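# Understanding the architecture of this molecule
Residues per chain are reported as follows:
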Amino acid sequence: MTVPTRKLATTLRQPAELVAHGLAPAAALSDLEKVAARYAVAVTPAVAALIDRDDPDDPIARQYIPSIDELSTLPEENADPIGDHVHAPVEGIVHRYPDRVLFKLVHVCAVYCRFCFRREMVGPGKDNALSGEAYAAALDYIRTHPDIWEVILTGGDPLMLSPRRLAEITADLGAIDHVRIIRVHTRVPVADPVRVSAEMVAALKTPGATTWVALHANHPRELTAAARAACALIIDAGIPMVSQSVLLTGVNDDAGTLEQLMRMFVECRIKPYYLHHGDLAPGTAHLRTTVAQGQALMRALRGNVSGLCQPDYVLDIPGGFGKAPVGPEYLTRNPAADREASAELGYRVVDYCGDVHAYPPKP
Ligand code: SF4
């Protein structure tokens, strides 16, 4: 079969298009159609160009090309795995922690990730952008809750909005005195870097608050020259960036790939922030690692890589109880202290090679 490798002009949304462009085997078409009937599919030209069509285990394809495994849902998997709904006082707002809210403006993304924790909420046919009334009510909620210091724009992907609309939103938020930080979570610089224009970057900024951008990327190959240029445009405008990645089987569940990813973030002036343990989203078990694997990878990262490159390994507690750091423990009480119920015997601390040392108690 001749595989077209020239740059695509449009985003692929239909399984037949994925097959026609060599991104999935023809034999998989009927499986892909079953998955696509349940979960949204979108592969942008930038992502399609990154996929190695000769590699059946390509880590980029694994993130975006549907798999029949997505139709196997485990009992512990949940349509709302991190409990957004239980903390939604008004449409569009998730208020889980005292000083910050999520503000979900749109339900569409440039690409649809096969492991998405909001996969039951995003995509065509789900809710669209907030209505004018719902937007006003959400803004009112933020305005009347003075503890809200940070507003996290998420979705869907907020960079799917037009620069004009985004500028209105950041201006509305910046006009609220107690909102000091606007954080924008996005995959667009990786998935569709041409969307990141000077106008878009200007729209992210507002005089009344400081904007941060959190980039979602999971594999070093996603940080292409175009993605790096899009991030540079954001950072050069004075907007700091952090990263978030999801630990995924067959994508980044090896120390070398994670190390390269974290180093690349730092080289791009993006501070590694979160490495998420895969959420219990329906049909994603084939992409989740164990927590023990994640901890071992974090240990390897700690040993080999600069402190600048260390993300927090976190797990969202099912049911909406928030994030917990679940990285390996380096400090434990001296076992003798437990036996004798005394903190005076101090601690055991593990160094980056795995060797254990005593740490003295405070005299
Ligand atoms: S870009 Fe984010 S919200 Fe959209 S499908 Fe991917 S993980 Fe989900």
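All of the points below concern the structure found in this document. Everything numeric in this text was worked out from a predicted model, so none of it was measured.

### Brief notes about the overall build of the protein
- Secondary structure summary: the protein contains twelve helices and twelve strands in total.
- If you line up the protein on its principal axes, its C-alpha atoms span 70 × 55 × 40 Å.
- For the protein, with 363 residues in total, the buried portion stands at 50%.
- In the protein, 73% of the contacts between residues at least 6 apart in sequence involve partners at least 24 apart.
- When the 35 basic and 43 acidic side-chain charges of the protein are each reduced to a single mean position, those positions are 2 Å apart.

### Looking at the sheet that holds strand β11 (residues 347-350)
- Spatial strand order, β10-β11-β12: three strands in an open sheet with antiparallel pairing. The open sheet has two edge strands with one neighbour each: β10 (331-333) and β12 (356-359). Between one strand and the next, the sheet's axes are offset by a mean angle of 30 degrees, whatever the strand orientation.
- Pairing of β11 with β12 involves four bridges; the strand directions are antiparallel. In the sheet register, Val-349 faces β12, and the bridge partner there is His-357.

### Some remarks on the packing of aromatic side chains
- Under the criterion given, the structure shown has two aromatic pairs.
- Measuring from ring centre to ring centre gives 4.0 Å for Tyr-273 and Tyr-274, while their planes differ by 25 degrees; the resulting arrangement is stacked.
- A cation sits over an aromatic face here: Arg-119 above Tyr-39, 3.6 Å from the ring centre.

### Concerning the pattern of salt bridges
- Counting across every chain of the model gives 18 salt bridges.
- Between Glu-168 and Arg-165 there is a salt bridge, with its nearest N and O atoms 2.7 Å apart. On the criterion of helical spacing, the pair formed by Glu-168 and Arg-165 is a turn pair, its members being three residues apart in helix α6 (residues 163-174).
- For Arg-263, the salt bridge goes to Glu-259, with nearest N and O atoms at 3.1 Å. One end of the pair is Arg-263 and the other is Glu-259, both in helix α10 (residues 255-267) and four residues apart, which spans about a single turn.
- Three or more residues joined by partner-sharing salt bridges are found here, namely Asp-84, Arg-96, Lys-104 and Arg-118.

### Some remarks on the nonpolar core
- In this structure, Val-43, Phe-103, Ile-142, Val-151, Leu-153, Leu-173 and Leu-215 are the most contacted members of the largest nonpolar core, which totals 86 residues.
- Counting residues per element, this core draws most heavily on helix α5 (residues 132-143), at six residues.
- Beyond its immediate chain neighbours, meaning those up to four positions away, Leu-215 contacts Thr-186, Pro-189, Val-190, Leu-223, Cys-231, Met-241, Val-242, Ser-243, Gln-244, Phe-265 and Ile-270.
- Counting six residues, the second-largest nonpolar core is a separate cluster that includes Ala-40, Ala-42, Cys-109 and Tyr-112.

### Considerations on unusual backbone geometry
- Positive phi, normally seen in glycine, also occurs at Arg-269, with a value near 70 degrees.
- The residue Arg-269 is located in the loop between α10 and β7 (270-276) in this model.

### Observations concerning the environment of Gly-83
- Residue position: Gly-83 is located in the loop between α4 (59-64) and β1 (93-97).
- Linking Gly-83 and Gly-322, residues 239 residues apart in sequence, is a C-alpha distance of 8.5 Å.

### Structural notes on a nonpolar patch on the surface
- On the surface, Leu-331, Tyr-347 and Tyr-359 cluster together into a nonpolar patch covering about 300 Å² of accessible area.
- Among the structural elements, Tyr-359 can be located in strand β12.

### Details of the packing of α10 against helix α11 (residues 291-304)
- Between α10 and α11, the shortest axis-to-axis distance is 10 Å and the interhelical angle comes to 55 degrees. As far as their axial angle goes, α11 and α10 are oblique. The element α10 and its partner α11 pack so that their crossing is right-handed. Across the interface between the two elements, Ala-255, Leu-258, Glu-259, Met-262 and Arg-263 of α10 pack against Leu-297, Ala-300, Leu-301 and Asn-304 of α11.

The rules behind each value
The residue numbering used here restarts from 1 in each chain and proceeds along that chain's sequence as written. Totals for whole chains, interfaces and linings use every residue, but because this is a predicted model, local features are given only for residues with pLDDT of at least 70 and side-chain atom pairs only at 80 or more, for both listing and counting. Derived side-chain values reflect all non-hydrogen atoms in the structure, with water molecules and hydrogen atoms excluded from consideration. A run of H or I in DSSP counts as a helix once it spans at least four residues, and a run of E counts as a strand once it spans at least two, with each numbered from the N terminus. Burial here depends on accessible area, computed with a 1.4 Å probe over protein chains only, as a share of the maximum for the residue type. Under 20% is buried, over 50% is exposed, and the range in between is partly exposed. Residue contacts are defined here by distance: any two heavy atoms, one from each residue, within 4.5 Å place the two residues in contact. Counted as positive: Lys and Arg. Counted as negative: Asp and Glu. His and the chain ends are not counted at all. Where a charge sits is defined by one atom per residue type, namely NZ (Lys), CZ (Arg), CG (Asp) or CD (Glu). Should DSSP find at least two bridges between two strands, the strands are taken to pair. To get an axis, fit a line to the C-alpha atoms, keeping to the stretch in contact for a helix; angles then go from 0 to 180 degrees between the N-to-C directions. Two aromatic rings, drawn from Phe, Tyr or Trp (for Trp, its six-membered ring), form a pair once their centres lie within 6.5 Å of each other, and the interplanar angle then sorts them: stacked below 30 degrees, edge-to-face above 60, tilted otherwise. By the criterion adopted, a ring carries a charge over it if an Arg CZ or a Lys NZ lies within 6 Å of its centre and within 35 degrees of its normal. Each reported salt bridge corresponds to a side-chain nitrogen of Lys or Arg within 4 Å of a carboxyl oxygen of Asp or Glu. We call a set of buried residues a nonpolar core when its members are Ala, Val, Leu, Ile, Met, Phe, Trp, Tyr or Cys and they connect through side-chain atoms within 4.5 Å of each other. Here a patch means residues that are over 30% exposed by relative accessible area and free of salt bridges, tied together within 9 Å if like-charged and within 5 Å if nonpolar (Val, Leu, Ile, Met, Phe, Trp, Tyr). Every accessible area reported is derived by Shrake-Rupley at a probe size of 1.4 Å, with residue values counting cover from the shown protein chains alone. These descriptions rest on fixed angle ranges, namely under 35 degrees for roughly parallel, over 145 for roughly antiparallel, 65 to 115 for roughly perpendicular, and the rest for oblique. Each crossing is labelled by how the near helix is turned from the far one, with a counterclockwise turn of less than a right angle marking it left-handed and a clockwise turn marking it right-handed.

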